[in-house]
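Here are the chains, one letter per residue:
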Amino acid sequence: MEEFHKVRRLPPYVFEQVNRLKASARAGGADIIDLGMGNPDLPTPQAIVDKLCEVVQDPRTHRYSSSKGIPGLRRAQAAYYARRFGVKLNPDTQVVATLGSKEGFANMAQAITAPGDVILCPNPTYPIHAFGFLMAGGVIRSMSVEPDESFFPPLERAVRHSIPKPLALILNYPSNPTALVATLDFYKDVIAFAKKHDIIVLSDLAYSEIYFDGAPPPSVLEVPGAMDVTVEFTSMSKTFSMPGWRMGFAVGNERLIAALTRVKSYLDYGAFTPIQVAATHALNGDGSDIAEVRNVYKRRRDVMVESFGKAGFDVPPPAATMFAWAKIPEKFRHLGSLEFSKLLVEKADVAVAPGIGFGEMGDDYVRLALVENEHRIRQAARNIKKFMSTADETMHNVISLNAHR
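Residues numbered from 1 in each chain as written. Predicted model: local features only at pLDDT ≥ 70, side-chain atom pairs only at ≥ 80, totals over all residues. Heavy atoms only, no water.

A. Up close: the UniProt feature "domain: Aminotransferase class I/classII large" (unreviewed entry) in the protein. Residues given the UniProt feature "domain: Aminotransferase class I/classII large" (unreviewed entry) here are residues 31-382. Helix makes up 40% of residues 31-382 and strand 14%. Its end C-alpha atoms lie 14 Å apart. (UniProt positions renumbered as here; feature names shortened; annotations may be inferred. Helix = DSSP H or I, 4+ residues; strand = E, 2+ residues; numbered from the N terminus.)

Here it is in structure tokens:
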């Protein structure tokens, strides 16, 4: 039978090929060191778990919750923005709780997109940034991901040549997968451009607290006037090691937040109330839990950069996020990121995320997640070094898929 219309619009999910290979190898007894999926391995801080256990004992919290988020949670998120960014938010009209930033992005796409609307999306980027709008009937126009002067000429061309004029521009800094970080001056230029051309700005700030070696990444909402055109999405998944809890937020422009809130009211009843109360407790904390998570990722980053470099696989040190974005070693680059990722599972017992899964501009790269401990990261480097040193003898029958194009 023919696939349904919205399913046909989605590109192949390339990560699934690596996942299947990984599962098969593990079924055969292989010890796969998994640096592929960005699934935090650190436990949720005990105080947050304790608060959940306390609240869940009250049967009144077992009923339906509000999809918008309980008032205390929205107030806590507004207070976080005030402390961290100096941004004032009205928790009643400018904050909505989401089931993670991914769900927030997808439902914002449903709320604002008409068939054929043009969305300006970085390439490479986190898949939901494009897929959410594709499923809503939008059209993606790929943009540069570098947060510098090279970002703006393609934007100007897009405004001149796209029919209809672009509806929205997606930002993602610190970036998944590239780990690039934007400056406040860059955001000022983006907002000036967006206001000049009446374009919505949707900013994914999921990694705002996972940063190293410098100043904390800014929010685009710090720019004067940004609230007129912007909604920003954050997540507690990485900041507080709460990925399975599915708790995030959208904040910003009242009209856009109202549209998202209305769509969500038809689709869900919000997160389980004890989870929302525990999330409130986390946001109102002293920040020590966040600092510890940051320090763990920094140590892992440093070990990865050093050990992989010694193995002959250069990994530039990311300034933020829980990922490194590394160019495939020259000897293997002709294979493309998917085939190289599959080889690492087969020959080195190491799983990584192929860059092509984040957009065609990522095909020379792989994403490495800092989700294994330092000992395992060093072991991954040793495995890769052994594989690369013997590749000439073991890869004589490997043919790049690109050779048939």
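Here the narrative resumes.
B. The pattern of salt bridges, seen in detail. Per the stated rule, a full pass over the model turns up 22 salt bridges. Here Glu 292 and Arg 299 are joined by a salt bridge, their closest N and O atoms 3.8 Å apart. Among the ionic pairs, Asp 302 bridges to Lys 298, the shortest N-O distance being 3.2 Å. Here Asp 302 and its partner Lys 298 are both found in helix α11 (residues 288-310), 4 residues apart, which amounts to about one turn of the helix. Overall, Lys 298 belongs to the partly exposed group, its relative accessible area being 28%. Overlapping salt bridges, with partners in common, bring together Asp 213, Lys 298, Arg 301 and Asp 302 in one network. (Salt bridge = Lys/Arg side-chain N within 4 Å of Asp/Glu carboxyl O. Buried < 20%, exposed > 50% of the residue type's maximum accessible area, 1.4 Å probe, protein only.)

C. A look at the layout of surface pockets. Here the largest pocket is characterised by a volume of approximately 860 Å³. Elements with a minimum of two residues in the lining of the largest pocket: α2 (15-27), α5 (100-112), α6 (127-135) and β11 (353-354). With 5 residues, α6 is the single largest residue contributor to the lining of the largest pocket. Here the residues of the lining of the largest pocket are counted per class, giving 21 nonpolar, 12 polar and 6 charged. Shared between two domains, the lining of the largest pocket takes at least three residues from each, and those domains are domain 1 (3-41 + 287-389) and domain 2 (46-282). In this structure, the second largest pocket occupies an estimated 380 Å³ of space. If you list the elements that add at least two residues to the lining of the second largest pocket, you get β3 (118-122), α6 and β4 (139-143). (1 Å grid on protein atoms, 1.4 Å probe; cavity = no way out; pocket = protein on both sides within 12 Å on 5 of 7 lines; lining within 4 Å. Points joined across faces, edges and corners; volume = space filled by probe spheres on them. Nonpolar A, V, L, I, M, F, W, Y, C, P; charged D, E, K, R; others polar. Domains from an automatic or database assignment.)

D. How the structure looks around the sheet that holds strand β7 (residues 230-235). Judged by pairing direction, the sheet is mixed, and its 7 strands sit side by side in the order β2-β8-β7-β6-β5-β3-β4 without closing on themselves. Each edge of the open sheet is held by one strand with a lone partner, namely β2 (95-98) and β4. Direction aside, neighbouring strands of the sheet carry axes that sit 20° apart on average. Where β3 and β4 come together, 5 bridges link them in parallel fashion. Note on β4: the bridge partner recorded for Ile 119 is Ile 140. Of the strands in this sheet, β3, β4 and β5 (168-172) are in contact with helix α7 (residues 152-161), which crosses β4 at around 150°. Across the sheet, helix α9 (residues 254-267) lies against β2, β6 (200-204), β7 and β8 (248-252), angled at about 35° from β2, the strand it touches most. (Pairing = 2+ DSSP bridges. Axes fitted to C-alpha atoms, helices over the stretch in contact; angles between N-to-C directions. Contact = heavy atoms within 4.5 Å.)

E. Region of the structure containing the environment of Gln 276. Here Gln 276 shows up in helix α10 (residues 273-283). Distance in space between the C-alpha atoms of Gln 276 and Cys 121 is 31 Å, their sequence separation being 155 residues. Discounting chain neighbours no more than four positions away, the residues touching Gln 276 are Ser 65, Ser 66, Gly 69, Ile 70, Leu 73, Met 247, Gly 270 and Ala 271. Side-chain polar atoms of Gln 276 contact the backbone oxygen of Ala 271, separated by 2.9 Å. (Polar contact = N/O pair within 3.5 Å; in protein donor to acceptor, adjacent residues only side chain to side chain.)

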